[in-house]
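# Notes for the structure review
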Amino acid sequence: MRFSFRQAVGMVLGYLLLAAAPLLLAYLGPLPEPRPFWVEFGVGLGFVGMGVLGLQFLLTGRFRNVASSVGLDLMLQFHREVGIVAFLLILAHPVILFATDPTYLEFLDPRVNLPRALALSSVLAALVLLVVTTLWRQELKISYEWWRTGHGVLALFVILIGLVHGLQVGHYLSPVWKQVIWVVLTLAAVGLLLKNRVIRPLRLKKRPFQVVEVREESPGVWTLALEPRGHGGVDFRPGQFVWLTLGSSPFSLQQHPFSISSSAEEPGRVELTIAELGDFTSGISSVPSGTTAFLEGPYGAFVPEEAEEGEDGEPGAAGAVFIVGGVGITPVMSMLRTFRDRGDSRPIVLVHGAPSEDRALFRDEVEALSGMLDFKTVHVLEEAPDSWEGERGLVTPEVLDRHLPEDGLAEWEYFVCGPPPMMDAVEQHLRSRGVPASRIFSERFNIV
Ligand SMILES: Cc1cc2nc3c(=O)[nH]c(=O)nc-3n(C[C@H](O)[C@H](O)[C@H](O)COP(=O)(O)OP(=O)(O)OC[C@H]3O[C@@H](n4cnc5c(N)ncnc54)[C@H](O)[C@@H]3O)c2cc1C
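None of these values were measured; they are calculated from a predicted model. (Residues numbered from 1 in each chain as written. Predicted model: local features only at pLDDT ≥ 70, side-chain atom pairs only at ≥ 80, totals over all residues. Heavy atoms only, no water.)

## A look at the environment of Leu 105
The topology assignment puts Leu 105 in the loop between helix H4 (72–100) and helix H5 (114–135). Residue Leu 105 is classed as partly exposed on the basis of its relative accessible area, which comes to 42%. For the pair Leu 105 and Ala 117, spaced 12 residues apart in sequence, the C-alpha separation works out to 9.7 Å. (Helix = DSSP H or I, 4+ residues; strand = E, 2+ residues; numbered from the N terminus. Buried < 20%, exposed > 50% of the residue type's maximum accessible area, 1.4 Å probe, protein only.)

## Thoughts on the side chain of His 379
The residue His 379 is located in strand S9 (residues 375–383) in this model. For His 379, a relative accessible area of 7% translates into the label buried. One polar contact links His 379 to Glu 367, side chain to side chain, over a distance of 3.1 Å. Excluding residues within four positions of it along the chain, His 379 makes contact with His 352, Arg 363, Val 366, Glu 367, Trp 388 and Glu 391. (Polar contact = N/O pair within 3.5 Å; in protein donor to acceptor, adjacent residues only side chain to side chain. Contact = heavy atoms within 4.5 Å.)

## Some thoughts on the packing of helix H9 (residues 330–342) against helix H10 (residues 363–372)
Where H9 contacts H10, the axes come no closer than 10 Å and their chain directions differ by 35°. In this structure, the crossing between H9 and H10 has a hand that is left-handed. Listed contacts from H10 to Met 333, Leu 336, Arg 337 and Arg 340 of H9 are Glu 365, Val 366, Leu 369 and Met 372. For the contact of H9 with H10, the class distribution of residues is five nonpolar, no polar and three charged. (Axes fitted to C-alpha atoms, helices over the stretch in contact; angles between N-to-C directions. Left-handed = near helix turned anticlockwise from the far one by under 90°. Nonpolar A, V, L, I, M, F, W, Y, C, P; charged D, E, K, R; others polar.)

## With respect to the nonpolar core
Grouped together as the largest cluster of nonpolar side chains are 42 residues, with contacts concentrated most on Tyr 15, Phe 47, Val 52, Phe 57, Val 158, Ile 159 and Trp 182. Mapped by element, the contributors of at least two residues to this core are helix H1 (5–26), helix H2 (37–59), H4, H5, helix H6 (144–169) and helix H7 (176–205). Broken down by element, this core gets its largest block of residues, 10 residues, from H2. With sequence-adjacent residues up to four places away left out, Phe 47 is seen in contact with Pro 22, Leu 23, Ala 26, Tyr 172, Leu 173 and Trp 182. (Core = buried A, V, L, I, M, F, W, Y, C linked by side-chain atoms within 4.5 Å.)

## Some points on the site of the ligand
Neighbouring residues of the ligand: 26 residues in total, closest Gln 255, His 256, Pro 257, Asp 279 and Thr 281. Between an oxygen atom of the ligand and a main-chain N or O atom of Ala 275, the distance comes to 2.8 Å. The side chain of Thr 281 places a nitrogen or oxygen atom 2.5 Å from an oxygen atom of the ligand. A total of four residues in the shell around the ligand trace back to one element, the largest contributor, which is strand S4 (residues 256–259). In terms of residue class, the shell around the ligand is made up of 13 nonpolar, eight polar and five charged. (Near = heavy atom within 4 Å.)

## Observations concerning the packing of aromatic side chains
Summed over all chains, the structure comprises 15 aromatic pairs. Ring centres of Phe 37 and Phe 41 lie 5.7 Å apart, and the angle between their planes is 20°; on these two criteria the pair is classed as stacked. Here Phe 37 pairs with Phe 41, and both are found in helix H2, just four residues apart, close to one helical turn. Phe 37 sits in the exposed class, given a relative accessible area of 54%. A residue is classified by how much of its surface remains accessible, and Phe 41, at 36% relative accessible area, is partly exposed. Ring plane angle 20° and centroid distance 6.2 Å describe the contact between Phe 258 and Phe 280, whose orientation is recorded as stacked. Of this pair, Phe 258 sits in strand S4 while Phe 280 sits in helix H8 (residues 279–282), placing them 22 residues apart in sequence. (Phe/Tyr/Trp six-rings, centres within 6.5 Å; stacked < 30°, edge-to-face > 60°.)

## Thoughts on the pattern of salt bridges
Any two side chains of opposite charge can pair, given that their charged atoms come close. Considering all chains together, one arrives at 20 salt bridges under this definition. Between Arg 215 and Glu 271 there is a salt bridge, with its nearest N and O atoms 2.8 Å apart. Within this pair, whereas Arg 215 is found in strand S1 (residues 209–218), its partner Glu 271 is found in strand S5 (residues 270–275), the two being separated by 56 residues in sequence. A relative accessible area of 24% means that Arg 215 is categorised as partly exposed. Asp 401 serves as the salt-bridge partner of Arg 433, at 2.6 Å between the closest nitrogen and oxygen. Placement of Arg 433 in the loop between helix H12 (420–432) and strand S12 (440–442) and of Asp 401 in helix H11 (residues 397–403) is noted, with a sequence separation of 32 residues between them. (Salt bridge = Lys/Arg side-chain N within 4 Å of Asp/Glu carboxyl O.)

## A closer look at the packing of H2 against H7
How two helices pack is summed up by the angle between their axes together with the distance between the axes. Interaxial distance between H2 and H7 falls to 7 Å at its minimum, and their mutual angle equals 30°. Comparing the axis directions of H2 and H7 gives the class roughly parallel. For the element pair H2 and H7, the recorded crossing hand is left-handed. Facing Phe 47, Met 50, Gly 54, Phe 57 and Leu 58 of H2, the residues of H7 in contact are Trp 182, Ala 189, Leu 192 and Leu 193. (Parallel < 35°, antiparallel > 145°, perpendicular 65-115°, else oblique.)

## A short note on a nonpolar patch on the surface
A contiguous nonpolar patch, built from Ile 84, Leu 88, Val 128, Val 132, Leu 135, Trp 136 and Leu 140 and spanning about 560 Å² of accessible area, is present on the exposed surface. At the level of secondary structure, the elements contributing two or more residues to the nonpolar patch comprise H4 and H5. In terms of residue count, H5 provides more of the nonpolar patch than any other element does, three residues in total. With respect to the element layout, Val 132 can be found in helix H5. Look at Val 132 and you get partly exposed, because its relative accessible area is 31%. (Patch = residues over 30% accessible without salt bridge, like charges linked within 9 Å, V, L, I, M, F, W, Y side chains within 5 Å. Areas by Shrake-Rupley, 256 points an atom, 1.4 Å probe, with all protein chains shown as cover.)

Spelled out as structure tokens, the structure:
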């Protein structure tokens, strides 16, 4: 996290204000005769539900400034949790109305108004689908790409029907000026979706990259090197990531996030180090040189502070501790290579968990870098030969305690990236040792 308390308060207040905007709009100007409390309450929840739903498009809008201070995983986690809140608010709207006054059931009665009944019942079904497919995507065996496409379509459908429903009922939105604002607010949300899914790929089309090398780093892990064609490349900070699309169209459904593993001092050659996992990553080894690619970004708040720079007037960190597992070392490689290229002399501790000696990613390069930087490296091997004198097993709190800096633990910056159970245990342990949350940076590769 790279935002101050004041910025956090500002973000929360801004969010609440925007979420309440439809409700505020409803209550602006001359009001109609009040109805029973529970009817008004149910209607109010519908307006707030629409506000929260509209803001969902903002949260996934991949705004670089927000994403680089809050972090994508935090944004998406918030998006996920708030999505359930929006679902409950919108669902509570008809439920409360039906319970208070059963005549409202006619909104779902096809004999009274077939298009309206169809639209409103489909919207309820769409909301249930949105939540179920998001919470249980993997159990339902829906691929990420199809889920993402369907998610956008369903969300668009719900918000557009909400727009029409608000206008049709018109109780609070009868003045034309209110209708105009209602339409503008809804279209702003839809516009964010279009920006993300249409305008951004169009812009990417003008900034292609080309695959110039694919090399094996360790069994099942490949580095893809890309060079810009006709532009200056990606101006990134070490530790950030990009969304990669391979092939001649940036509109491909297959767009995957990968941390940049190369030095930020070389924006003209971007390297991504990719472990084989599913259909997309398993094809990386056979990507031919010359393949066109698109990189959207950079994004991410998993970034060390600049040398000698403190955040928000705080003193700079004493140094950087990297605690990584497996392919989680990729963003840290970018940091180490950048520190080397910049002659950065901050003290560094790297704790690297790996399955075995030959699968300890970048081990030789890390050893070489440790000679150039102020650097202590600890490899923790799950399977080690008898001759291995280093740490064995997993990256546990006990291993950390043996190698973390002895003094001023809270003054260092910590970067954690690896398997989720390792990350949870490490974050918990650091907090229990008194490290403030503002000094712990985590990059989770399993955000969805
Ligand atoms: C910020 C970030 C940085 C990452 N950096 C690296 C890296 O440097 N090296 C590396 O090997 N891996 C990295 N990953 C993980 C990588 O994105 C996934 O392993 C890859 O997308 C899996 O795709 P697949 O089709 O091969 O596997 P699948 O079997 O289809 O997917 C496996 C899991 O990966 C996730 N995933 C799949 N597709 C996407 C997608 N399009 N967008 C987001 N998540 C998806 C889902 O959780 C899915 O369940 C990173 C992930 C994130 C979020």
